Amino acid sequence: MTNELLDLFEEAKRIIDKQEELIKMQQSLIKTMQQGLQGVELNVLLLKKLQADLQVELETITIDYIDVMGGGEKV
């Protein structure tokens, strides 16, 4: 009876240890995913900034082109 209880206790301890290991793995995965998402969010912000800068540059080039071609009034 005592050996059976010890065996059950040891099995329970192995299960708990395995659960703790899995929890640590999940926490690591969550941390990695959060870092990845932050990287994606940063890339999106940088792309939006680049798009806005390109839009301004395109408008400037278009206005300059119209001025050169004589189709617009100089501002």
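Above this text sits the structure in question.
Residues numbered from 1 in each chain as written. Predicted model: local features only at pLDDT ≥ 70, side-chain atom pairs only at ≥ 80, totals over all residues. Heavy atoms only, no water.

Caption draft 1: Layout of the overall build of the chain. A count of helices and strands for the chain gives one helix and zero strands. Taken over C-alpha atoms, the radius of gyration comes to 32 Å for the chain, far larger than the 11 Å a tight globule of 75 residues would show. With the principal axes as the frame, the chain shows a C-alpha extent of 100 × 15 × 10 Å. By the burial criterion, 0% of the 75 residues in the chain qualify as buried. About 7300 Å² of surface is accessible on the chain, with carbon and sulfur atoms providing 64% of the total. (Helix = DSSP H or I, 4+ residues; strand = E, 2+ residues; numbered from the N terminus. Rg over C-alpha atoms; globule rule 2.2 N^0.38 Å. Buried < 20%, exposed > 50% of the residue type's maximum accessible area, 1.4 Å probe, protein only. Areas by Shrake-Rupley, 256 points an atom, 1.4 Å probe, with all protein chains shown as cover.)

Caption draft 2: Seen up close, the pattern of salt bridges. Applying the stated criterion across every chain, the model contains four salt bridges. Residue Lys18 pairs with Glu21 through a salt bridge whose shortest N-O separation is 3.9 Å. Here the residue Lys18 and the residue Glu21 both occupy positions in helix H1 (residues 2-68), the gap between them amounting to three residues, near one helical turn. Classification of Lys18 by relative accessible area gives partly exposed; the value is 45%. By relative accessible area, which is 41% here, Glu21 ends up partly exposed. (Salt bridge = Lys/Arg side-chain N within 4 Å of Asp/Glu carboxyl O.)

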